[in-house]
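So you can see what is in the structure, the chains are spelled out below.
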Amino acid sequence: MDFIIDTLFQMFFCFFWVIGLVIILFDKKNRKKYICLTFLIPLLMVWSSYSYINILKPRFSDISYYIDKNYEVSIGKCNTIKGGSRGMTPSFILDENTYYYNPRFNKISEGNSYKLKYLPNSKYVIDTEIIK
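The notes below deal with the structure included here. Remember, it's a predicted structure, so these values are computed and weren't measured experimentally. (Residues numbered from 1 in each chain as written. Predicted model: local features only at pLDDT ≥ 70, side-chain atom pairs only at ≥ 80, totals over all residues. Heavy atoms only, no water.)

Points about the overall build of the protein
Counting secondary structure elements, the protein contains two helices and five strands. Going from N to C terminus, the protein has its helices and strands arranged as α-α-β-β-β-β-β. Looking at the 132 residues of the protein, the share that counts as buried comes to 32%. In the protein, the proportion of contacts linking residues at least 24 apart, taken out of those at least 6 apart, comes to 54%. (Helix = DSSP H or I, 4+ residues; strand = E, 2+ residues; numbered from the N terminus. Buried < 20%, exposed > 50% of the residue type's maximum accessible area, 1.4 Å probe, protein only. Contact = heavy atoms within 4.5 Å.)

This is the structure:
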């Protein structure tokens, strides 16, 4: 279930600026906001397009894999952990491949070997198992 919640959060974060834009457009008192929006809208459009192509599209492709529980399996040693910032899913590198995970459901630490179950397009980790 964490995959679905995380994907919904990513969708909101990718397009949250649309909500702000609608709120600003309903407030017609301040013209300076419209000038600022003229410069911000193209940047936000580029950012949203990038987020959709690189984050959301692979996740949407993985929904059928998630529902069918058709996961890929990988075994290896964790080399590096990259913490996520707002809107970014934390990731780690396992034998030169990057995987994304939710730290609330999967505890990953550097130097340990893992058996991963992940979704093929987004590389989102569903389950981890420590190999000793």
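Points about the pairing of strand β2 (residues 91-94)
What you see with β2 is no split at all: Ser91 and Ile93 on one side and Phe92 and Leu94 on the other are buried throughout. Where strand β1 (residues 72-82) meets β2, four bridges bridge the pair, whose relative direction is antiparallel. By the bridge assignment, Thr80 is partnered in β2 with Ile93. Following β2, the chain reverses through two residues before pairing antiparallel with strand β3 (residues 97-100); Asp95 in that reversal takes a positive phi of roughly 50 degrees. (Pairing = 2+ DSSP bridges.)

A few points about the nonpolar core
Core analysis: the largest hydrophobic core is formed by 10 residues, namely Cys78, Phe92, Leu94, Tyr99, Tyr101, Ile108, Tyr114, Leu116, Tyr118 and Val125. Elements supplying a minimum of two residues to this core: β2 and β4 (113-118). In terms of residue count, the dominant contributor to this core is β4 (three residues). Discounting chain neighbours no more than four positions away, the residues touching Tyr101 are Ile81, Thr89, Pro90, Ser91, Phe92, Asn106, Ile108, Tyr124 and Val125. Counting five residues, the second-largest nonpolar core is a separate cluster that includes Phe3, Tyr66, Leu119 and Ile126. (Core = buried A, V, L, I, M, F, W, Y, C linked by side-chain atoms within 4.5 Å.)

So, the side chain of Thr7
Here Thr7 lies in helix α1 (residues 2-26). A distance of 2.7 Å separates a polar side-chain atom of Thr7 from the backbone oxygen of Phe3. In contact with Thr7, other than residues within four places in its own chain, are Leu56, Arg59 and Phe60. (Polar contact = N/O pair within 3.5 Å; in protein donor to acceptor, adjacent residues only side chain to side chain.)

Notes on a nonpolar patch on the surface
A cluster of nonpolar side chains, Leu8, Met11, Phe15, Val18, Tyr52, Ile53 and Phe60, forms an exposed patch at the surface whose accessible area comes to about 590 Å². For the nonpolar patch, the secondary structure elements donating two or more residues are α1 and α2 (32-68). Counting residues per element, the nonpolar patch draws most heavily on α1, at four residues. Following the sequence through the fold, Phe15 ends up in helix α1. Residue classification places Phe15 among the partly exposed residues on the basis of a relative accessible area of 36%. (Patch = residues over 30% accessible without salt bridge, like charges linked within 9 Å, V, L, I, M, F, W, Y side chains within 5 Å. Areas by Shrake-Rupley, 256 points an atom, 1.4 Å probe, with all protein chains shown as cover. Salt bridge = Lys/Arg side-chain N within 4 Å of Asp/Glu carboxyl O.)

Re the side chain of Arg59
Note on placement: Arg59 falls in helix α2. Here Arg59 is in contact with Phe3, Asp6, Thr7, Gln10, Thr89, Ser122 and Tyr124, once residues within four sequence places are set aside.

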